[in-house]
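Survey of secondary and tertiary structure
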Amino acid sequence: MQIWVDADACPVVVKDILYRAAQRWQRSTTLVANQMLRTPPSPFIRAVQVPRGFDVADDYIVQKACAGDLVITGDIPLASLVLAKGAFALNPRGEHYTIETIGERLAMRDMMDELRSQGVDTGGPATFSQSDRRAFGNALDKLMMTWSRKGT
């Protein structure tokens, strides 16, 4: 299992958790962004810089991710695409995207986009909190332990 990170909007604290997890679980972790990223020296961690452009990092992740891989993203359309390939998707707040729930998430996202395009102030995401950090760390640990037991 490979971990792919949609790194452009990923909180720094989540990246730090992923760096530690990559070392502890010895899992290949690739951060994909359209800007240069600094990562700790490790045989398990690498950064890929893609050209600037709409969805270029997402397209790279979709192309490279395989069934059984884990994708860390807050981008619901990207999560939908990797789920269709048999990968797992987890957002930086620790929420699993699943085949069963992604359709509803896409519909809600589209509705909010439509409201914003009509000038409705829908607010933004809540500030990333300590409880979000804990939820992400716990969800990641649970996945890593599951994969460790399965030997993947």
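Anyway, here's the lowdown on the structure attached to this text. Here the structure is a predicted model, which is why all the values come from computation and not from measurement.

Here the largest pocket defines a volume of roughly 900 Å³. In this structure, the largest pocket is lined by 34 residues; those nearest its centre are G74, D75, I76, Y97 and P125. Mapped by element, the contributors of at least two residues to the lining of the largest pocket are α2 (56–64) and α4 (99–117). The dominant element in the lining of the largest pocket, judged by the number of residues it contributes, is α4, at six residues. In the lining of the largest pocket, the residues fall into 16 nonpolar, eight polar and ten charged.

Our focus in this paragraph is the side chain of D69. Among the structural elements, D69 can be located in the loop between α2 and β4 (70–72). As a buried residue without a salt bridge, D69 has its nearest oppositely charged side chain in K85, at a separation of 7.6 Å. Within the structure, the side chain of D69 is placed 3.0 Å from the side chain of W4, a separation counted as a polar contact. A polar atom in the side chain of D69 sits 2.9 Å from the backbone nitrogen of C66. Sequence-distant contacts of D69, that is, excluding residues within four places in its chain, are made with M1, Q2, W4, K64, A87 and F88.

About the thresholds
- Residues numbered from 1 in each chain as written.
- Predicted model: local features only at pLDDT ≥ 70, side-chain atom pairs only at ≥ 80, totals over all residues.
- Heavy atoms only, no water.
- 1 Å grid on protein atoms, 1.4 Å probe; cavity = no way out; pocket = protein on both sides within 12 Å on 5 of 7 lines; lining within 4 Å.
- Points joined across faces, edges and corners; volume = space filled by probe spheres on them.
- Helix = DSSP H or I, 4+ residues; strand = E, 2+ residues; numbered from the N terminus.
- Nonpolar A, V, L, I, M, F, W, Y, C, P; charged D, E, K, R; others polar.
- Buried < 20%, exposed > 50% of the residue type's maximum accessible area, 1.4 Å probe, protein only.
- Lys, Arg positive; Asp, Glu negative; His and termini not counted.
- Salt bridge = Lys/Arg side-chain N within 4 Å of Asp/Glu carboxyl O.
- Polar contact = N/O pair within 3.5 Å; in protein donor to acceptor, adjacent residues only side chain to side chain.
- Contact = heavy atoms within 4.5 Å.

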